[in-house]
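Here's the letter readout for the chains.
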Amino acid sequence: MSTLVQSPEGNRYILHVKGAAEMVLRLCTHIIDAHQNRVPLTGDFTLMSDGRVEGSGRKAQIVQGVINAMAKKALRCIALAYREFGPEVLEMQDEMIEYPSEASRGTGLCPVVEDDLTLIGIVGIMDPVRPEVPEAVGKCQSAGVKVRMVTGDNTVTARAIAEICHILTPETGGTSIEGPEFHRRVHPKSPYREPDFQEKEMPKLQVMARSAPLDKLLMVEGLRQAGEVVAVTGDGSNDAPALSKANIGFAMGIAGTEVAKKAAKIVLLDDNFASIVNAVKWGRNVYDSIRKFLQFQLTVNLTALMVAFVGAVSLKESPLTATQLLWVNLIMDSFASLALATEPPTDDLLKRKPYSQSE
């Protein structure tokens, strides 16, 4: 995000930029040092999907010593930078450029003016995990629901938060990936596409960091093509394609946009992940109640049918009159429906695997 501000003199403009720390850092060529001097910012770096930093120079040191240090504490890192212009900026402020995905300088079309920046500082913002989320994730996993985290945070922050929530489990082979790499390996038009990625890597993938809206959509489409039942949560307008493509879309009722709510099938009024666990529990309870009701009805009706059939064959008349059969069905249907419809869900419903789509 950037804002162009005109100086009081009117002949100078200052572009203020904030954004993902490592992306903004790649766009910076200078830095304000401890003595308030503007000095060159040298070096380059590559942030690996497992959080390792490869590169040299001051930029690599900043990533390793500042960004990663805060990210490991589950802080969201934002860089602040600026650039000074003359009146010529008014002619180039609408010019756009699309960087290669491997450059990690931005996603999609980016303003040309957001380059050659001067770094002011990097801040870490704490967004605490709700206390009930780790337990809710554990209940989902015990119920056979695999939870994946797709976020715009950098890899280190995403992995730290995912481990707190028990989403990422490296000890069981769980992996993470960055959005640009996932895009290269999965997108149908990518020259680096790996046809076997869906079969070999997707089952182990638990976290996707630095993801773009298209990456989220590609994951949903890939999982559905593999026969999985996919539920997606989202709150922004850019989540709408993934929400509508999923089997079940959960939109946030408080923080969600109207576009996201219209694209989703369910709106969470409290914006709480634990509500999804309740939805799973109630859904299974309704499904089990329908199965029990059908089983009960088949038993009663088949029994009445056999009695009527055997009686008609052996006694030449039905032992039960039409009125009696109607009375039996009326009593059985009423009390059975009332009993099964009022049966509350229990936590035991979350201790079994889900039924297949064919059942």
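**Student:** If you had to explain the packing of aromatic side chains to someone new, which residues and values would you point to?
**Tutor:** With the rule as written, the count across this model stands at 2 aromatic pairs. Relative to Phe197, the ring of Phe182 lies with its centre 5.7 Å away and its plane at 75°, an arrangement referred to as edge-to-face. Pair noted here: Phe182 is in helix H6 (residues 179–186) and Phe197 is in helix H7 (residues 197–200), with a separation of 15 residues, a long-range link. Its relative accessible area of 0% is what places Phe182 among the buried residues. Judged by centre distance (4.9 Å) and plane angle (40°), the rings of Tyr287 and Tyr355 are tilted. Taken as a pair, Tyr287 in helix H11 (residues 274–315) and Tyr355 in the segment after helix H12 (322–341) lie far apart in primary sequence, 68 residues in all. When the ring centre of Tyr355 is taken as origin, the NZ or CZ atom of Arg291, which lies over that ring, is 4.8 Å away.

**Student:** Explain the pattern of salt bridges to me, using residue names and the numbers behind them.
**Tutor:** Counting across every chain of the model gives 15 salt bridges. Between Glu194 and Arg185 there is a salt bridge, with its nearest N and O atoms 3.1 Å apart. Take Glu194: its relative accessible area is 29%, and that puts it in the partly exposed class. Between Asp239 and Lys216 there is a salt bridge whose closest N-O contact spans 3.4 Å. Of this pair, Asp239 sits in the loop between strand S14 (231–234) and helix H9 (240–245) while Lys216 sits in helix H8 (residues 213–225), and the two are 23 residues apart along the sequence.

**Student:** Quick one: what's the story with the nonpolar core, residue by residue and with numbers?
**Tutor:** Of all hydrophobic cores here, the largest spans 29 residues; its most connected members are Leu25, Leu119 and Ile122. Once you skip the residues sitting within four places of it in the chain, Ile122 turns out to touch Ala21, Ile62, Val66, Ile67, Met70, Cys77, Ile78 and Ala79.

**Student:** So what about the sheet that holds strand S2 (residues 13–20)? Which residues, and what values?
**Tutor:** Taken together, the 6 strands give an open sheet; going across it, the order is S1-S2-S7-S10-S3-S4, and neighbouring strands pair in mixed fashion. With partners counted over all chains shown, the strands left at the sheet margins are strand S1 (2–6) and strand S4 (38–40), one partner each. Between one strand axis and the next, the sheet turns by 35° as a mean value, whatever way the strands run. Note that S2 and strand S7 (residues 75–85) share 8 bridges and pair antiparallel. Considered in S7, the bridge of Gly19 is made with Ala79. Here helix H2 (residues 57–71) sits on the sheet and contacts strand S3 (28–32), S7 and strand S10 (117–126); the angle it forms with S10, its principal contact strand, is near 15°.

Parameters and conventions
Residues numbered from 1 in each chain as written. Predicted model: local features only at pLDDT ≥ 70, side-chain atom pairs only at ≥ 80, totals over all residues. Heavy atoms only, no water. Phe/Tyr/Trp six-rings, centres within 6.5 Å; stacked < 30°, edge-to-face > 60°. Helix = DSSP H or I, 4+ residues; strand = E, 2+ residues; numbered from the N terminus. Buried < 20%, exposed > 50% of the residue type's maximum accessible area, 1.4 Å probe, protein only. Lys NZ or Arg CZ within 6 Å of the ring centre and 35° of its normal. Salt bridge = Lys/Arg side-chain N within 4 Å of Asp/Glu carboxyl O. Core = buried A, V, L, I, M, F, W, Y, C linked by side-chain atoms within 4.5 Å. Contact = heavy atoms within 4.5 Å. Pairing = 2+ DSSP bridges. Axes fitted to C-alpha atoms, helices over the stretch in contact; angles between N-to-C directions.

Spatial relationships are all this shows, so hold off on functional conclusions.
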